[in-house]
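# A look at the structure
What follows is the residue order along each chain.
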There are 2 protein chains.
Amino acid sequence: MCEANAYLIIEDQEAQLVMESVDTVEPEEDGLRLVNIFGDQKFLKARIESLSLVDHKVFLKALTT
Amino acid sequence: MCEANAYLIIEDQEAQLVMESVDTVEPEEDGLRLVNIFGDQKFLKARIESLSLVDHKVFLKALTT
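Our subject in this report is the structure included herewith.

What counts and what doesn't
- Residues numbered from 1 in each chain as written.
- Chains lettered and ligands numbered in written order.
- Predicted model: local features only at pLDDT ≥ 70, side-chain atom pairs only at ≥ 80, totals over all residues.
- Heavy atoms only, no water.
- Disulfide = S-S within 2.5 Å.
- Helix = DSSP H or I, 4+ residues; strand = E, 2+ residues; numbered from the N terminus.
- Buried < 20%, exposed > 50% of the residue type's maximum accessible area, 1.4 Å probe, protein only.
- Lys, Arg positive; Asp, Glu negative; His and termini not counted.
- Salt bridge = Lys/Arg side-chain N within 4 Å of Asp/Glu carboxyl O.
- Pairing = 2+ DSSP bridges.
- Least-squares fit on C-alpha atoms with pLDDT ≥ 70 in both.
- Contact = heavy atoms within 4.5 Å.

Before going further, it helps to spend a moment on the state of the cysteines. The term disulfide refers to a covalent linkage connecting the sulfur atoms of a pair of cysteines. This model, assessed by the stated rule, comprises 1 disulfide over all chains. Note on cysteine connectivity: Cys2 of chain A is disulfide-linked to Cys2 of chain B, with sulfurs 1.8 Å apart. Of the two residues, Cys2 of chain A is situated in the segment before strand E1 (4-9) and Cys2 of chain B in the segment before strand E1 (4-9); the pairing between them involves two chains.

Quick look at the side chain of Asp23 of chain B now. The residue Asp23 of chain B is located in strand E2 (residues 16-28) in this model. Salt bridges are absent for the buried Asp23 of chain B, whose nearest opposite-charge side chain, Arg33 of chain B, sits at 10.0 Å.

Right, let's get into the pairing of strand E6 (residues 57-62) of chain A. Residue and element names in this part refer to chain A. The side-chain alternation of E6 yields one buried face, formed by Val58, Leu60 and Ala62, and one unburied face, formed by Lys57, Phe59 and Lys61. Of the strand pairs in this sheet, E1 and E6 are connected by 5 bridges, and their pairing is parallel. Residue pairing in the sheet places Ile9 in a bridge with Lys61 of E6. Strand direction decides the pairing type here: strand E5 (residues 46-52) and E6, joined by 6 bridges, are antiparallel. Bridge pairing in E6 links Ser50 to Phe59. The antiparallel pairing of E5 with E6 creates a hairpin that spans 4 residues between the two strands, and His56 there sits at a positive phi of about 60°.

A separate point is the relation of the copies chain B and chain A. Rotating chain B by 180° and moving it 0.0 Å along the rotation axis overlays it on chain A with an RMSD of 0.0 Å. Here the copies are linked by what is in effect a two-fold axis. Using C-alpha coordinates, one finds that chain B approaches the rotation axis most closely at Cys2 of chain B, a distance of 2.7 Å. Interface residue correspondence from chain B to chain A reaches 100%, placing this contact among same-surface, isologous pairings.

Scope: geometric values only; no functional claims are made or implied.
In structure tokens, the structure reads:
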């Protein structure tokens, strides 16, 4: 399996782990819908900032609206 | 290893494979820098649209500026 952990960056704070074992990340309305390999879903007002796949990390940046 | 293939979506066209075995994707100036597990780099005027990690797919959307 090739899932990753998703980290949320809020402004200049340190990235926080928001979901483990993420499979899909898709845009939805004014944010992102994350789904992990267990089928759990999470909606975040954020965009995808960067990826480090070999490290299993996805960085999301919070939208400040 | 947990790399993915990167596909670029240009407007309403079908997604095109632009790089295989991608490790990192990072924002750079007005686009993205992709680096694969072999150290090859590619710069694209695009943003990260969505992820499907278990399928090893990263979808990028071309910026139309």
